[in-house]
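# Commentary on secondary and tertiary structure
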Amino acid sequence: MAWDFETDPEFQKKLDWIEEFMAEEVEPTSHLGMAAFSSGGREKFIKPLQQKVRDQGLWACHLGPELGGQGYGQLKLALMNEKLGRNSLAPTVFGCQAPDTGNAEIIAHYGTPEQKEKWLKPLLNGDIRSAFSMSEPTGGSDPLTFKTRAELIGDEWVINGEKWFSSGSRYAKVLVVYAVTDPEAKNPYRRTSIFLVPTDTPGVETIRNIGVGHEGEGGHGYIRYNNVHVPKDALLGERGGAFIIAQTRLGGGRVHHAMRTVGACQHAFDLMCQRAVSRQTRDGRLADMPVVQEQIADAWIQLQQFRLLVLRTAWLIDKHKDYKLVRKDIAAIKVAMPKVYHDIAATALHLHGALGVSNEMPFMGMVTGAFVMGIADGPTEVHKVTVAKQVLRDYQPDNDLFPAYHIPKLREAARDKYADELEDLKRHYEARKSEAVTA
């Protein structure tokens, strides 16, 4: 049997280091707020932490060795990411923050040597940030509804249109822009292409930066492209290849979101349990109340189910080395993720009472984050359809009047299969009956 739920001892040492590093350095730094991300603060606080991660050989571990990563594979990444998911600063410290990870992945896969030199290396080193500029105000993330156009005029592409919720654009140096290049293509999924556009290109206008929930000015740009001219070689991959490129990016991104969400759920669960054993009421501790015990049991079961589904999906990716073969499983964890996160975070919030809904605890942000997870990288409903379609491929129709599993049919088939044995049994009973009559 090859089933095993134990971690390799050598890798466990890495996980133990991450656990301690998170508690002693990353989490305290995260409470410095924007002071840690100012120009001077980044050099003083963030860069030294990133160097410690590099010294441990844990920098950008989502990448293969050819790009400076460790080639750990998705299962080890899952064990790492569930620790990083407890704190929003951790991905930046470990060089695996969204949307840069996905953007780096597609530049690595489809970029020219010049594009890799200009954009990939700085991204991998953490020297610059990037943004994914795909969704639009009119049709969301459905590429078949996109209005933004890129026309090849001479040796330049000219981009016009608007993009909504371009993740990371506020701090980005380069935009990964999805635009229609061949509106009349017979295959609708070959109508769009992807471009690498520097944010300081004339005509790139940020209408406003959008926050999530109660955030003020956030990091997700509402961007207008006004006759933005980029050179012909700004095209990433082949013309008309945007859908395939984006799926390469989104498959890995969905899995990594789920891995980190395991950590966020575990964090909320730990705070919930700490509250339950600490909070006293007139009738005793919260932890002694059956209704609270039921809530904690439900949360723990949800978390363990979700974690195992994520780990199994990571294992399947490592096994097949092809996201397409694990499409159903990736869609399934995408579907499960927002509900598990919401349920656990909301229960933790509720058990903290007024403190739970205040801005002095993380739960409101977690609940909002759960809704984001249900929208980001495709809405939950779309992924449910994917799961169903992939599952149903393994079943064949049965068009008889009654189905093959109709009990009378099964009974008849069983009698045919064991006809000889039934006949022997019949003769045996008849002989016994004859002997009884004679006696």
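The rules we used
Residues numbered from 1 in each chain as written. Predicted model: local features only at pLDDT ≥ 70, side-chain atom pairs only at ≥ 80, totals over all residues. Heavy atoms only, no water. Helix = DSSP H or I, 4+ residues; strand = E, 2+ residues; numbered from the N terminus. Buried < 20%, exposed > 50% of the residue type's maximum accessible area, 1.4 Å probe, protein only. Contact = heavy atoms within 4.5 Å. Areas by Shrake-Rupley, 256 points an atom, 1.4 Å probe, with all protein chains shown as cover. Lys, Arg positive; Asp, Glu negative; His and termini not counted. Charge placed at Lys NZ, Arg CZ, Asp CG, Glu CD. Core = buried A, V, L, I, M, F, W, Y, C linked by side-chain atoms within 4.5 Å. Phe/Tyr/Trp six-rings, centres within 6.5 Å; stacked < 30°, edge-to-face > 60°. Lys NZ or Arg CZ within 6 Å of the ring centre and 35° of its normal. Patch = residues over 30% accessible without salt bridge, like charges linked within 9 Å, V, L, I, M, F, W, Y side chains within 5 Å. Salt bridge = Lys/Arg side-chain N within 4 Å of Asp/Glu carboxyl O. Axes fitted to C-alpha atoms, helices over the stretch in contact; angles between N-to-C directions. Parallel < 35°, antiparallel > 145°, perpendicular 65-115°, else oblique. Left-handed = near helix turned anticlockwise from the far one by under 90°. Nonpolar A, V, L, I, M, F, W, Y, C, P; charged D, E, K, R; others polar.

Further remarks concern the overall build of the chain. Assigned secondary structure in the chain consists of 14 helices and 10 strands. The principal-axis extent of the C-alpha atoms belonging to the chain is close to 110 × 70 × 40 Å. Burial analysis of the chain (439 residues in total) assigns 43% to the buried set. Restricting to contacts in the chain with at least 6 residues of sequence separation, those with at least 24 account for 69%. If you sum the accessible surface of the chain, you get close to 24,200 Å²; carbon and sulfur atoms cover 54% of it. Within the chain, the 56 negative side-chain charges are centred at a point lying 2 Å from the centre of the 53 positive side-chain charges.

Let us now look at the nonpolar core. In this structure, Phe94 and Ile344 are the most contacted members of the largest nonpolar core, which totals 87 residues. When residues of this core are assigned to their parent elements, the largest contribution, 14 residues, is made by helix H7 (residues 242-278). In this structure, Ala150, Leu175, Ala179 and Ile223 belong to the second largest nonpolar core, which totals 17 residues.

Turning next to the packing of aromatic side chains. Within this structure, the stated rule accounts for 8 aromatic pairs. Measuring from ring centre to ring centre gives 5.4 Å for Phe146 and Tyr178, while their planes differ by 85°; the resulting arrangement is edge-to-face. In this pair, Phe146 sits in the loop between strand E1 (130-133) and strand E2 (149-153) while Tyr178 sits in strand E4 (residues 174-180), placing the two residues 32 residues apart along the sequence. By relative accessible area, which is 7% here, Phe146 ends up buried. A ring pair is formed by Trp164 and Tyr222, whose centres lie 5.5 Å apart and whose planes are at 75°; its orientation type is edge-to-face. With Trp164 in strand E3 (residues 156-167) and Tyr222 in strand E7 (residues 220-231), the pair connects residues that are 58 residues apart, well separated along the chain. Three or more aromatic residues joined by ring pairs make a cluster, and in this case those are Trp17, Phe21 and Phe94. Lying across the ring of Phe146, Lys163 places its NZ or CZ 4.1 Å from the centre.

Below, the discussion takes up a nonpolar patch on the surface. A cluster of nonpolar side chains, namely Tyr418, Leu422, Leu425 and Tyr429, defines an oily patch on the protein surface of about 410 Å² accessible area. Note that Tyr418 resides in the loop between helix H13 (407-417) and helix H14 (419-438).

In this section: the packing of H7 against helix H9 (residues 327-351). It is at 9 Å that the axes of H7 and H9 come closest, and there the two elements cross at 20°. Classified by the angle their axes make, H7 and H9 are roughly parallel. Remark: the crossing between H7 and H9 carries left-handed chirality. Across the interface between the two elements, Gly251, Arg254, Val255, His257, Ala258, Thr261, Ala264, Cys265, Ala268, Phe269, Met272 and Arg275 of H7 pack against Ile330, Ile333, Lys334, Met337, Val340, Tyr341, Ile344, Ala345, Thr347, Ala348 and Leu351 of H9. Among the residues making up the contact of H7 with H9, the classes are represented as 16 nonpolar, 4 polar and 3 charged.

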